[in-house]
Amino acid sequence: MEEVVIIVGAGPSGLATSACLNVLSIPNIILEREDCFASLWKKRTYDRLKLHLGKQFCQLPHMAYPEGTPTFISKAGFLWYLEDYVSHFQINPRYHRFVESASYDKVDKKWHIVAKNTVSDKSEVYLGKFLVVATGENSEGLIPNISGLDSFEGEFMHCTNYKNGKRFGDKQVLVVGCGNSGMEISYDLWNHGACTSIVVRNPVHVLTKEMVLLGMSWLKYIPRKVVDYVIVSLAKLVYGNLSSYGLPRPSLGPFYLKDVTRSSPVIDVGTIEKIKEGEIQVVPAITKIEGDYIYFSNGKTSRFDAIIFATGYKSTVLHWLKGVEHLFKEDGMPKKNFPNHWMGENGLYCAGFGSRGLFGIARDAEHIANHIRDVEYASRRL
C-alpha cells in the first residue's frame, strides 16, 4: 500500500499531525498498535490525573476547547476533547498495526514500513514519501536497576499500571520518583489510607498550577531569568524552605531547567502539606533491597508491602526504525533540542519528542504539516 504520509502512533502527537495534514488536504494514514487512539491516556494513567497546565497550553491545532471549559482539565475532559477532535477532522487510524520495521529506500526514495496486523496475524507493507514518528517519549515505562529488586517479596509496578490507591489501604507503600506522577500518586495513596513514603534523590522546584500558568503566560513577553526569579520568590512565600523536609530547591530556575534539562517542576496537588504534617514520609535514594526490606542511602532500613516506580519512560523508536542516526540518539530521543528537534532527512519527522507536553505536540504537528506541504508544492513545480 502506497501513501503520501505515514504516521506511526495514534496518541495526541499522531492525531494532531493527521489533523493538520487533513486541513491541508494531504493524504495520510496512522498506524497504531493498540485498539484505540490515545491508549496511554485511556489505559495507562491513574484515575485522578488532571492536566496541570492551563487549557490554552493543552489544546491541539485548529480546535480550541468549548466555551465554559475549566482552566485546568480532568483526564475525562481531555479524552472527551480528543473524541471530538478525531470526529471533527475525520481521523481514522488503522488499529492493531504493530510496526516491526521502517527504513528508507534510497533507490525508490520512499519509506518502507512493515507492520503486523495483530488481528489477522499477517504482515502488511506500506510505502510512503514521508514518515512521521509519533510514538512519543513515553512508549515504555522505565524501572531502574536496583540491587535486590528481584528478591522483593511484595508487589512492585511502574506507575503506568497504577489506577488508584483503593487496594493499598493500610499497606506500607514506597513511591520511587518525585516528579508530578510520583507526588500525585503519593497523595492518592495517602488519601486511600496507605502508609506512604516517597524517594527524593535530587533538588526539586515545587510550584502551584497557578504559578506555572502565570510563568508560562509571562514567558511570551518577559525574559526567562526574570520569570524564574518572580516564580521562585512566590514559591518561597507559599511553601517556605522545604530543605528540612527532604525537598531542597535547585539553584537554577524552573523554566531554565525545563528548557535546558527537560526536567519539569513539581506542581503540588496537596502532597506538600501532607509531607509537612508527617503524613507522607520523604526518604533518600535506595541502596539495595532484601526481601521486603529496603535500605536507603542515609543508613536506614524500612519494610514495605509495595513499590510504585514513577521513574519516567523511554522511547522505543529504535526497536523498529533503522538508519536514522541523523535524527535520533542511541536512547531514541532526538539529537537536536527543542525547537529544532522535529525534522530529519529524506522526509522523516518526529512529533511529540520535545518534552514540551501538549503545547509542544501542537507546535510539532503544525511545523511538520506545513513543511510537508512546502516540499510537495516545490516538487510539483519541478
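Residues numbered from 1 in each chain as written. Predicted model: local features only at pLDDT ≥ 70, side-chain atom pairs only at ≥ 80, totals over all residues. Heavy atoms only, no water.

Undergrad: Please clarify how the environment of Glu210 should be interpreted in this entry.
TA: Inspection of the secondary structure assignment puts Glu210 in helix α5 (residues 209–218). Glu210 sits 138 residues away from Phe72 along the chain, and the two C-alpha atoms are 9.7 Å apart. (Helix = DSSP H or I, 4+ residues; strand = E, 2+ residues; numbered from the N terminus.)

Undergrad: Looking at this structure, how should I read the packing of aromatic side chains?
TA: The geometry of two aromatic rings is summed up by the distance between their centres and the angle between their planes. The full count for this structure, using the stated rule, is 14 aromatic pairs. Ring plane angle 25° and centroid distance 6.2 Å describe the contact between Phe78 and Tyr81, whose orientation is recorded as stacked. In this pair, Phe78 and Tyr81 both sit in helix α3 (residues 75–88), three residues apart, roughly one turn of the helix. For Phe78, a relative accessible area of 0% corresponds to the buried category. Ring centres of Phe328 and Phe353 lie 5.6 Å apart, and the angle between their planes is 70°; on these two criteria the pair is classed as edge-to-face. Of the two residues, Phe328 is situated in the loop between β17 (313–314) and β18 (348–350) and Phe353 in the loop between β18 and α9 (357–381); the sequence distance between them amounts to 25 residues. On the accessibility criterion, Phe353 (0% relative accessible area) is buried. In textbook terms, an aromatic cluster arises when at least three aromatic residues are bridged by ring pairs, as seen for Trp41, Tyr65, Phe78, Tyr81, Tyr85 and Phe89. (Phe/Tyr/Trp six-rings, centres within 6.5 Å; stacked < 30°, edge-to-face > 60°. Buried < 20%, exposed > 50% of the residue type's maximum accessible area, 1.4 Å probe, protein only.)

Undergrad: Help me understand the nonpolar core, please; the structure alone is not making it clear to me.
TA: One broad trend across soluble globular proteins is that nonpolar side chains are buried collectively. Phe78, Leu82, Tyr85, Phe168, Leu189 and Ile308 are the most contacted members of the largest nonpolar core, which has 78 residues in total. Not counting the four nearest positions on each side in its chain, Tyr85 is found in contact with Leu15, Ala16, Ala19, Leu60, Pro61, Met63 and Ile91. Within the second largest apolar cluster, 22 residues are counted, among which are Leu31, Val99, Trp111 and Leu327. (Core = buried A, V, L, I, M, F, W, Y, C linked by side-chain atoms within 4.5 Å. Contact = heavy atoms within 4.5 Å.)

Undergrad: How do you make sense of the packing of α5 against helix α6 (residues 224–239) when you look at a structure like this?
TA: A pair of packed helices can be characterised by two numbers: the angle between their axes and the separation between those axes. Contact geometry for α5 and α6: axes closest at 10 Å, N-to-C directions at 170°. Here α6 runs roughly antiparallel to α5, going by the angle between their axes. Of the two possible hands of crossing, α5 and α6 adopt the one that is right-handed. Seen from α5, the contacting residues are Met211, Leu214, Gly215 and Trp218; seen from α6, they are Val227, Val230, Ile231, Leu234, Ala235, Val238 and Tyr239. Taken together, the residues of the contact of α5 with α6 break down into ten nonpolar, one polar and no charged. (Axes fitted to C-alpha atoms, helices over the stretch in contact; angles between N-to-C directions. Parallel < 35°, antiparallel > 145°, perpendicular 65-115°, else oblique. Left-handed = near helix turned anticlockwise from the far one by under 90°. Nonpolar A, V, L, I, M, F, W, Y, C, P; charged D, E, K, R; others polar.)

Undergrad: Quick question: what am I supposed to make of the pairing of strand β2 (residues 28–31) here?
TA: Along a regular strand, successive side chains alternate from one face of the sheet to the other. The alternating pattern of β2 places Asn28 and Ile30 and Ile29 and Leu31 on opposite faces, both of which are buried. Of the pairings in the sheet, the one linking strand β1 (residues 2–8) to β2 comprises four bridges and is parallel in character. Each residue of the ladder has a partner; that of Val5, found in β2, is Asn28. Where the polypeptide runs from β1 across helix α1 (residues 12–23) and back to β2, its parallel neighbour, the crossover connection is right-handed. (Pairing = 2+ DSSP bridges. Right-handed = clockwise from strand over helix to strand, strands pointing away.)

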